[in-house]
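# Descriptive analysis of the structure
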Amino acid sequence: MEDQKIENIELTYLTVDDFEELKSATLESYGGVLDSFWKKGHIERLTSIFPEGQVVIKIDGVLAGSALSLIVDYDKIDDNHTYADIIEGETFKNHDPYGDVLYGIDVFIKPEFRGLRLGRRLYDYRKEICENLNLKGIVFGGRMPNYHKHKALTPKEYIEKVKRKEIHDPVLNFQISNDFHPVRVLKGYLEGDTASNEYAVLMEWDNIYYTKKSKRASTVKSIVRLGLIQWQMRPYNTLEDLMQQVEFFVDSVSAYRSDFALFPEFFNAPLMAKFNHMYEPEAIRELAKYTSAIVEKMQQLSISYNINIITGSMPEVIDDNLYNVGYLCRRDGSLERYEKLHVTPDEAKVWGMQRGNKLQTYQTDAGKIGILICYDSEFPELSRLLADEGMDILFIPFLTDTQNGYSRVRLCAQARAIENECYVAIAGSVGNLPNVNNMDIQYAQSAVFTPCDFSFPNNGIKAEATTNTEMILVADVDLSLLRELHAFGAVKNLKDRRKDFYDVIRVNK
């Protein structure tokens with residue numbers, strides 16, 4: 001075909017009218033090795049029960065290749081099945097329109113048309129079917145046509161050498177390059193396939209967009225709206241005054257139909273002004289007495305404004321120990337607590353703050369999230385553990401008094417987004433508190449960061465607030481883009497991690 005000008009390439013459904021040409025193309029493609037071809041009754045049956053699963057590629061009206069498929073309930077398929085088991089004596093009784101997996105039963109490109117990447121078109125079409133029909137993935141038994149040349153190797157050894165490019169196998173190499181991965185070796189899969197010694201490799205492609213069908217009335221969000229509160233430190237005479245400002249911001253971000261409201265670290269510090277005459281460790285313990293009331297009110301706000309609230313952080317005393325903690329108030333009324341694991345030298349020295357021990361991800365109606373308080377974001381092991389649990393969004397409430405302190409949080413947050421292939425949202429406070437010791441002045445620029453790949457901003461910055469100005473920042477993030485990144489990114493930071501060489505483990509769970 002190299003010297004022939006191609007005027008038209010068409011991918012279309014197979015019909016019974018294509019039978020004679022399909023028969024001829026099949027025999028030519030397999031070179032008579034399998035001495036088999038589909039009978040006319042088979043084509044009539046396949047195009048009747050699953051027409052969209054049977055396609056051909058035609059070049060200038062000439063049939064150049066074909067792909068045939070069934071839908072199966074994979075739980076009913078034996079792990080060590082054969083090709084005959086799948087097509088069930090060529091009756092195709094295994095086809096189940098309510099199944100969960102697309103099973104490829106045939107694919108070929110005629111020799112004269114090879115080298116035009118037509119096979120990729122057929123595989124891409126199968127992937128589109130999978131996504132459109134919400135199937136878990138694609139499986140099929142892949143031949144190993146060069147295995148007969150390496151019979152001294154076990155099938156497993158042969159596959160490993162193919163994967164390392166030490167042996168060229170045109171079928172396996174092509175399938176692996178199209179994002180299929182070997183699952184297991186099938187012995188005696190296709191009778192008469194002497195080139196493969198009747199072995200096959202069960203190949204699998206996972207549909208990252210698959211969603212399990214639920215019997216409950218619920219929605220799975222893909223686009224998640226984040227509402228970040230860049231909080232102005234100002235005097236408040238009472239707890240009621242403070243909570244009035246909190247409700248104002250919750251109302252503001254919920255009016256934009258935000259899924260989350262994120263408050264900064266120690267946003268309630270203005271209430272310490274009335275205790276400024278006390279020794280600093282005593283003053284912050286007085287502030288801690290407000291925490292339960294604040295959490296209770298925020299829990300009510302999350303329900304009444306239909307928004308998940310991340311409360312930033314507040315001091316809390318447990319068994320006479322002082323901790324820096326926060327709460328996730330879900331809009332369904334449930335409550336989760338998180339702790340700051342690494343306290344800064346200043347927190348420990350001035351207030352006697354103790355290190356927390358709780359780290360986990362939280363499932364919400366808008367994705368799985370993680371929360372790290374300020375300094376914790378500068379320790380990459382924590383977010384890596386959360387990423388291993390499937391975190392989609394990392395929230396970081398922070399409090400920094402200088403630009404270099406802010407830069408540490410910001411730059412580390414951006415690194416966390418890249419290395420963990422997730423979104424990261426940071427929110428801090430601005431202004432000053434002249435009547436509160438050890439709080440001084442604040443510096444912040446709240447922001448939402450993304451991985452750096454083609455589907456995301458080139459600089460990894462989704463949105464930024466104005467520096468040192470009280471405001472809200474609202475930004476949308478698309479969780480489906482993360483699924484694509486995990487599978488098809490230019491680089492795959494999570495997948496390519498050398499767990500055989502090093503790992504991050506949690507001592508206390």
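The present account deals with the structure reproduced in this document. Quick caveat, the model's predicted, so the values are computed rather than measured.

## Observations concerning the overall build of the chain
In terms of helices and strands, the chain carries 13 helices and 22 strands. Computed over C-alpha atoms, the radius of gyration of the chain comes to 30 Å, more than 25% over the 23 Å expected from 2.2 N^0.38 for 509 residues, which places it beyond the range of a compact globule. Structurally, the chain occupies a C-alpha span of about 95 × 45 × 45 Å along its principal axes. Looking at the 509 residues of the chain, the share that counts as buried comes to 51%.

## With respect to the packing of aromatic side chains
For any pair of aromatic rings, the description consists of the separation of the ring centres together with the inter-plane angle of the planes. Scanning the entire structure with this criterion turns up 22 aromatic pairs. Residues Tyr147 and Tyr199 carry aromatic rings whose centres are separated by 5.8 Å and whose planes lie at 85 degrees to one another, so their mutual orientation is edge-to-face. Of the two residues, Tyr147 sits in the loop between strand S5 (137–143) and helix H5 (155–163) while Tyr199 sits in strand S7 (residues 199–206), which places them 52 residues apart along the sequence. When its relative accessible area of 3% is taken as the criterion, Tyr147 is described as buried. Consider the rings of Phe275 and Tyr290, whose centres lie 6.5 Å apart with planes at 40 degrees: the pair is tilted. A residue pair is termed long-range when its members are at least 10 positions apart, and Phe275 in the loop between strand S9 (260–262) and helix H8 (280–288) and Tyr290 in the loop between H8 and helix H9 (291–304) qualify at 15 residues. Judged on exposure class, the residue Phe275 and its partner Tyr290 are both buried. An aromatic cluster is built from Trp231, Tyr236, Phe248, Phe249, Phe263 and Phe267, whose rings are joined through pairwise contacts. In this structure, Arg126 is placed above the aromatic ring of Tyr123, and the distance from its NZ or CZ to the ring centre is 5.9 Å.

## Regarding the environment of Ser313
Note that Ser313 resides in the loop between strand S10 (308–310) and strand S11 (314–318). Setting aside residues up to four positions removed in sequence, Ser313 forms contacts with Pro264, Glu265, Phe266, Phe267, Asn268, Asn324, Val325, Gly326 and Ile373. Reaching out from Ser313, the side chain makes a polar contact with the side chain of Asn324 at a distance of 2.8 Å.

## Here we look at the sheet that holds strand S21 (residues 461–464)
With mixed pairing, six strands are arranged side by side in an open sheet as S14-S15-S16-S17-S20-S21. Sheet topology places strand S14 (362–364) and S21 at the edges, where each strand pairs with a single neighbour. Ignoring strand direction, the axes of neighbouring strands in this sheet form an average angle of 20 degrees. Where strand S17 (residues 423–427) and strand S20 (residues 447–449) come together, three bridges link them in antiparallel fashion. When the sheet's bridge partners are listed, Val424 is paired in S20 with Phe449.

## Examining the pattern of salt bridges
Summed over the entire model, instances satisfying the criterion amount to 28 salt bridges. A salt bridge links Glu347 to Lys340; the nearest nitrogen and oxygen atoms lie 2.8 Å apart. Like Glu347, the residue Lys340 is buried in the burial classification. Through salt bridges with shared partners, a single ionic network connects Glu28, Lys110 and Glu112.

## Considering the sheet that holds strand S3 (residues 62–72)
Through backbone hydrogen bonds, the strands of a sheet pair up, either in parallel or in antiparallel fashion. Strand order in the open sheet formed by seven strands is S1-S2-S3-S4-S5-S7-S6, and the pairing between neighbours is mixed. Edge positions in the sheet fall to strand S1 (9–13) and strand S6 (181–187), since each has one partner strand and no second. Geometrically, the sheet is characterised by an average inter-axis angle of 25 degrees between neighbouring strands, direction not taken into account. Sheet topology places S1 next to strand S2 (residues 55–59); five bridges connect them, and they run antiparallel. Following the sheet pairing, Leu11 is matched in S2 by Ile57.

## Considerations on the nonpolar core
In terms of nonpolar packing, the biggest core is built from 52 residues, with Leu226, Ile393 and Phe395 touching the most fellow members. Beyond its immediate sequence surroundings of up to four residues, Leu226 is in contact with Ser258, Phe260, Ile393, Phe395, Ala425, Val448, Leu473, Val474, Ala475 and Val477. Counting residues in hydrophobic clusters, the runner-up holds 42 residues, among them Phe267, Leu271, Met353 and Leu433.

## Focus on unusual backbone geometry
At Asn134, a position not held by glycine, the phi torsion is positive, near 55 degrees. Secondary-structure assignment places Asn134 in the loop between helix H4 (118–132) and S5. Phi at Lys165 is positive, roughly 65 degrees, even though this residue is not glycine. You can see Lys165 is positioned in the loop between H5 and helix H6 (170–177).

## Some remarks on helix H1 (residues 19–30)
End to end, H1 covers 16 Å across twelve residues, agreeing with the expected 16 Å (1.5 Å per residue, within 8%). Of the residues making up H1, those classed as buried are Phe19, Leu22, Ala25, Thr26, Ser29 and Tyr30. Around the axis of H1, the buried residues are gathered within 125 degrees of arc, so they sit on the same side. Close packing links the buried residues of H1 with helix H2 (40–49), S3 and strand S4 (101–109).

## Some remarks on the layout of surface pockets
Over the atoms a probe the size of a water molecule is rolled, and this reveals where empty space is left. For the largest pocket, the calculated volume is near 1300 Å³. Around the largest pocket, the lining is made up of 43 residues, and of these Tyr30, Asp106, Val107, Phe108 and Arg143 lie nearest the centre. Of all the elements, S4 adds the most residues to the lining of the largest pocket, at six residues. Here the residues of the lining of the largest pocket sort into 22 nonpolar, eleven polar and ten charged.

## Section: empty space enclosed by the protein
Overall, the coordinates contain two cavities of 30 Å³ or more when judged by the stated rule. Looking at the largest cavity, its volume works out to about 60 Å³. If you trace the largest cavity, you find it lined by Met272, Phe275, Asn276, Met278, Glu280, Ala283, Trp351, Val436 and Asn437. Classifying every residue of the lining of the largest cavity by side-chain character gives six nonpolar, two polar and one charged. If you add up the space inside the second largest cavity, you get close to 40 Å³. Class assignment of the residues belonging to the lining of the second largest cavity gives a composition of five nonpolar, one polar and three charged.

## Details of H8
Those residues of H8 that sit buried are Pro281, Ala283, Ile284, Leu287 and Ala288. Around the axis of H8, the buried residues are gathered within 160 degrees of arc, so they sit on the same side.

## A look at the pairing of S11
Judged from the five bridges that link them, S11 and strand S12 (residues 321–329) form a sheet pairing that is antiparallel. By the bridge assignment for S12, Glu316 is matched with Tyr323. Hairpin connection of S11 to S12: two residues between the antiparallel strands, including Asp319 at a positive phi of 50 degrees.

Cut-offs and rules
Residues numbered from 1 in each chain as written. Predicted model: local features only at pLDDT ≥ 70, side-chain atom pairs only at ≥ 80, totals over all residues. Heavy atoms only, no water. Helix = DSSP H or I, 4+ residues; strand = E, 2+ residues; numbered from the N terminus. Rg over C-alpha atoms; globule rule 2.2 N^0.38 Å. Buried < 20%, exposed > 50% of the residue type's maximum accessible area, 1.4 Å probe, protein only. Phe/Tyr/Trp six-rings, centres within 6.5 Å; stacked < 30°, edge-to-face > 60°. Lys NZ or Arg CZ within 6 Å of the ring centre and 35° of its normal. Contact = heavy atoms within 4.5 Å. Polar contact = N/O pair within 3.5 Å; in protein donor to acceptor, adjacent residues only side chain to side chain. Pairing = 2+ DSSP bridges. Axes fitted to C-alpha atoms, helices over the stretch in contact; angles between N-to-C directions. Salt bridge = Lys/Arg side-chain N within 4 Å of Asp/Glu carboxyl O. Core = buried A, V, L, I, M, F, W, Y, C linked by side-chain atoms within 4.5 Å. Expected span 1.5 Å × (residues − 1). Arc of directions from axis to C-beta. 1 Å grid on protein atoms, 1.4 Å probe; cavity = no way out; pocket = protein on both sides within 12 Å on 5 of 7 lines; lining within 4 Å. Points joined across faces, edges and corners; volume = space filled by probe spheres on them. Nonpolar A, V, L, I, M, F, W, Y, C, P; charged D, E, K, R; others polar.

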